[in-house]
Amino acid sequence: MAKVVIDALLARFPRIAADPYQGPGGDDVVFVRKDQIVEVCRFLKTDPGMAFNMAPYITAVDYLGQEPRFEVVYNLYSTSLNHRVRLRVKVPEGDAVLPSVCGVWRGADWFERYCYDMYGIRFTDHPDLRRLFMYDEFVGHPLRKDYPLRGRQPLVKERELTEPYRGPGAASPDQA
Amino acid sequence: MASEHDSLPVIVTRKDEALGALQQMVSKSLGWARKYSLFQYPFVTACCGMEYMTVGASRYDLDRFGAALPRFSPRQADLLMVTGTVNCRQAPILRRVWESIAEPKWVVAFGVCASTGGFYDNYATMQGIDRVIPVDVYIPGCPPRPEQVIDGIIMLQAKIQGQTHKIIERKALPIAGREPYEP
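Residues numbered from 1 in each chain as written. Chains lettered and ligands numbered in written order. Predicted model: local features only at pLDDT ≥ 70, side-chain atom pairs only at ≥ 80, totals over all residues. Heavy atoms only, no water.

K.L.:
Is there a simple way to explain the overall build of chain B in this structure?
P.N.:
Secondary structure assignment for chain B yields five helices and four strands. Listing each helix as α and each strand as β along chain B from the N terminus yields α-β-α-β-α-β-α-β-α. Counting across all 183 residues of chain B, residues that qualify as buried make up 40%. Across chain B, every contact between residues at least 6 apart in sequence was considered, and the portion connecting residues at least 24 apart equals 79%. Just so you have it, chain B exposes about 10,700 Å², and 58% of that area is on carbon and sulfur atoms. (Helix = DSSP H or I, 4+ residues; strand = E, 2+ residues; numbered from the N terminus. Buried < 20%, exposed > 50% of the residue type's maximum accessible area, 1.4 Å probe, protein only. Contact = heavy atoms within 4.5 Å. Areas by Shrake-Rupley, 256 points an atom, 1.4 Å probe, with all protein chains shown as cover.)

K.L.:
Help me out: how do you make sense of the interface of chain A and chain B in this one?
P.N.:
How big an interface is tends to be stated in terms of the accessible area lost upon association of its parts. The interface of chain A with chain B comprises 25 residues on the first partner and 23 residues on the second. Carbon and sulfur atoms make up 50% of the area that chain A and chain B hide from each other, which totals about 2,100 Å². Counting across the chain A and chain B interface gives two salt bridges. A salt bridge links D121 of chain B to R152 of chain A, with the nearest nitrogen and oxygen atoms 2.5 Å apart. In this assembly, chain A and chain B are joined by six residue pairs in polar contact (both at pLDDT 80 or more). A per-class count over the side of chain A that touches chain B returns 14 nonpolar, four polar and seven charged. (Buried area = accessible area lost by both parts, 1.4 Å probe. Salt bridge = Lys/Arg side-chain N within 4 Å of Asp/Glu carboxyl O. Polar contact = N/O pair within 3.5 Å; in protein donor to acceptor, adjacent residues only side chain to side chain. Nonpolar A, V, L, I, M, F, W, Y, C, P; charged D, E, K, R; others polar.)

K.L.:
So what exactly am I meant to see when it comes to the packing of aromatic side chains here?
P.N.:
When we look at a pair of aromatic rings, we describe it by the centre distance and by the angle of the planes. Residue and element names in this part refer to chain A. Counting across every chain of the model gives 10 aromatic pairs over all chains. Look at Y21 and F31: their rings are 6.4 Å apart centre to centre, the planes differ by 40°, and that puts the pair in the tilted class. Taken together, the residues Y21 in strand β1 (residues 17-22) and F31 in strand β2 (residues 28-32) connect sequence positions 10 residues apart. Assessed through its relative accessible area of 34%, Y21 is described here as partly exposed. Among the residues examined, F31 registers a relative accessible area of 18% and is labelled buried. Ring centres of Y114 and F133 lie 5.8 Å apart, and the angle between their planes is 75°; on these two criteria the pair is classed as edge-to-face. (Phe/Tyr/Trp six-rings, centres within 6.5 Å; stacked < 30°, edge-to-face > 60°.)

Everything listed here is a matter of geometry and, on its own, says nothing about what the molecule does.
What follows is the structure, encoded as structure tokens:
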């Protein structure tokens, strides 16, 4: 079923979509160039033969050490035709900016905020590009592979460690 | 030659003795009253909350220990039950809730996440609520069995009974805008 989608994509966007392959679980995957992602998505949504009316999951991957470093993955689903396709978009580290697909699927809003929060990939024309999970004072992007594993950034002052075996804060005499 | 007698107070008047005895009686009875009327504020953030509901429900019934009535305003509570994972983003909220509770107040860390951070040793999670607020009783478990929670409540009651209670406690009040006061 999804073979039809891949063929249509390759026929319509020969210079934008490339390298299709069949992923595990029968999902078909195609690489898309990042500047034209909105056109491809709009075609996939509006064309009656495609009818991808839902973007259940949009996420990003950090391939640290490779070039280009990042990748944004769009998982699309059609509830009327019951088929899926996955678009992979390579994003270089120096220019980690993508056009937003919020105009195509409104539900992409929080997924793109998630990608911005966790990976630092920015989306142009996004209505409200803020952090989704972390707080505004947080520095860096925690799901990047070069972020330290325990890089905590506490918001309130932590109490001093006085008893190493019992945790911070010695019990005051009244509390003993 | 110095002996232990040197460090004893030289004169203990009858007034001091009498006041001390009275204070002890008051402290004991206030402690007895306070340990059987623990009004809780449940700070429930995660899955331990299901266990918290179980321990409050009829089979295990925290009401037997006088600790069944959750108050959903910190100003009406005197036992803060921190039930679940607290992450860095929530720590200021927890701190503020704890500061809103009127004295005397006690804190129970319910479950291993509240006690130590549990297995969430990552960028987002506070490694135990005692980094932010003082804790009286830690209840381990992921989640703890209701029997463990009851045991923790009994331990807290014993602790409360052993503390010094006064009818009027004159303490400097924290002033808004200054540094948050340390217990």
